[in-house]
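What the coordinates show
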Amino acid sequence: MKRCLVVTGGGDCPGLNAVIRAIVKRAAQEKNWEIVGSIEAFNGVLKEPTEVVILDEERVSGIHYQGGTIIQTTNKGGPFAWPVKNKDGSWSAVDRSDEMLRKLQYMGIEAVINIGGDGSQRISQKLSEKGCNIIGVPKTIDNDLTATDSTFGFQTAVQIATEAVDKLVTTAASHNRVLILEVMGRYAGWIALNAAVAGGAEICLLPEFPYDINKVLEHVNKRFERDRGFVNIVIAEGARAIGKDYSTLSQQEIGYENRMLGGVANLLMNELKEAGCEHSIRTTVLGHLQRGGVPTAYDRVLATQFGVKAFEMVIKQEYGRMVSYRHPEITSVSLEEALQKPNLVEPDTALMKTAKGIGIHFGN
Ligand code: F6P
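We now turn to the structure provided with this report. Predicted, not measured: the structure shown is a model, and the values here were computed from it.

Some points on the packing of aromatic side chains
- Scanning all chains against the criterion turns up three aromatic pairs.
- Measuring from centroid to centroid gives 5.5 Å for Trp33 and Phe311, while their planes differ by 90°, and the two rings are edge-to-face. Linking Trp33 in strand 2 (residues 33–38) with Phe311 in helix 10 (residues 297–315), this pair joins segments that are 278 residues apart in sequence.
- A residue is classified by how much of its surface remains accessible, and Trp33, at 10% relative accessible area, is buried.
- Given the relative accessible area of 0%, Phe311 is considered buried.
- With a centroid separation of 6.1 Å and 75° between ring planes, the pair formed by Phe152 and Phe306 is classed as edge-to-face. Taken as a pair, Phe152 in the loop between strand 7 (134–138) and helix 6 (154–175) and Phe306 in helix 10 lie far apart in primary sequence, 154 residues in all. Note on accessibility: Phe152 and Phe306 belong to one class, buried.
- Across from the ring centre of Trp82, 4.7 Å away, lies the NZ or CZ of Arg96, which sits over that ring.
- In this structure, Arg240 is placed above the aromatic ring of Tyr246, and the distance from its NZ or CZ to the ring centre is 4.2 Å.

Some words on the state of the cysteines
- Under the defined criterion, the tally for this structure stands at zero disulfides.
- Cys13 forms no disulfide, and the closest cysteine sulfur to it belongs to Cys4, at a distance of 20 Å.
- Looking at Cys204, it has no disulfide partner, and the nearest cysteine sulfur is the one in Cys277, 18 Å off.
- Assessed through its relative accessible area of 0%, Cys204 is described here as buried.

What to know about the sheet that holds strand 13 (residues 329–334)
- Taken in spatial order, the seven strands of this open sheet run 3-2-1-6-7-12-13, and their pairing is mixed. The strands lining the two open edges of the sheet, one partner per strand, are strand 3 (52–55) and strand 13. Going across the sheet, the axis of each strand differs from the next one's by a mean of 30°, ignoring polarity.
- In terms of strand pairing, strand 7 meets strand 12 (residues 321–326) through two bridges, oriented parallel. Bridged to Ile135 within strand 12 is Arg321.
- Helix 1 (residues 16–28) rests against strand 1 (2–8), strand 2, strand 3, strand 6 (109–116) and strand 7 of the sheet, and its axis sits at about 155° to strand 6.

The rules behind the values
As a convention, each chain's residues are numbered from 1 in the sequence order in which they are written. The model is predicted, so local features are restricted to residues of pLDDT at least 70 and side-chain atom pairs to those at 80 or more, both for listing and for counting; the totals for chains, interfaces and linings are taken over all residues. Hydrogens and water are ignored here; the side-chain numbers use all heavy atoms of the structure. Here is the rule: rings of Phe, Tyr and Trp (six-membered ring for Trp) pair when centre to centre is within 6.5 Å. Planes less than 30 degrees apart are stacked, more than 60 are edge-to-face, and the remainder are tilted. The secondary structure listing takes helices from DSSP runs of H or I that are at least 4 residues long and strands from runs of E that are at least 2 residues long, numbered from the N terminus. Exposure is judged per residue with a 1.4 Å probe applied to protein chains only, and the accessible area is read against the type maximum: over 50% gives exposed, under 20% gives buried, and values in between give partly exposed. Only lysine NZ and arginine CZ atoms are considered, and such an atom sits over a ring when it is within 6 Å of the ring centre and within 35 degrees of the ring normal. Note on terminology: disulfide denotes any pair of cysteine sulfur atoms within 2.5 Å. Any two strands with at least two DSSP-identified bridges between them are counted as paired. Inter-axis angles, ranging from 0 to 180 degrees, are taken between N-to-C directions of lines fitted to C-alpha atoms, where helices are fitted over the stretch in contact. In this analysis, two residues are considered to be in contact whenever any of their non-hydrogen atoms come within 4.5 Å of each other.

Right, dumping it as structure tokens:
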């Protein structure tokens, strides 16, 4: 029996379970493969005692529409930066990758499928360079990877963000208010842009185009020209005013490497007031609601396609590569190519043209 380890790393994302199920179902057709899941990304392998589970057809039955991941995930630690407490109480990051690869060998793991975003695929690449038979499956609600036309989870996040705009529009109109919705996406504005277009927001502020607060205020005031009015603003968590830094939250989680973005909706409210806005303003932070719950049909389908492709790449020993969707094909790219540059909104992005075409203001 050959063994393939499946890992989900980084932030969770609707569709992860559909990928796991597809891998297990495809592997079951081969008869000579066993699928093993590592609990909490690679931490399950690194921990003593090891935390891994056998994933068979019974275990994955019916999980395709469940959010989250049945094998859990983490965006802390990992084989190259395992947090260790020093005697003085401080923490250091230790490279345990060689030890982990020996452990995988001992466990009889022939191949690894690592389902994760850019941080996880960087780990895939480093493990691949060390000789690990690894395949990456892209995952992110942020849609910030250039190596694939889209990632599962993104459509679900956009749907949830759009439903939030829909709800905020009615209350904004009833109260003649400025309502600001903060959505996720890290340094990419895809969720905000799509939700603004789908939900009919008047202003959309993206990380890619720092805003001029006076221009934002000017547009807000225009909407109130006839005494009454309302404005819905969708702001990406990574948006910022010209010349200002990102809005971040303080965090003390050991081994957490990313800057924790957040708070930009309240910041914008204060900036508008300081700039002279006299209208009533309220803020909503959508947060992790965008990552939870049932994946859309589109995301389930894409996730299932990615899972089947990943296992077929294991069979063909196409290691050191990441699954990718290039319409209409499910294909693959080298891990190196996969990580080259992030997928960001550009001024000439087709959807930007559409958004401008219907009068959405970008604060610049
Ligand atoms: O990358 C996915 C994402 O949800 C980002 O949009 C967001 O900035 C980040 O993860 C939040 O991470 P955490 O769950 O660690 O707070």
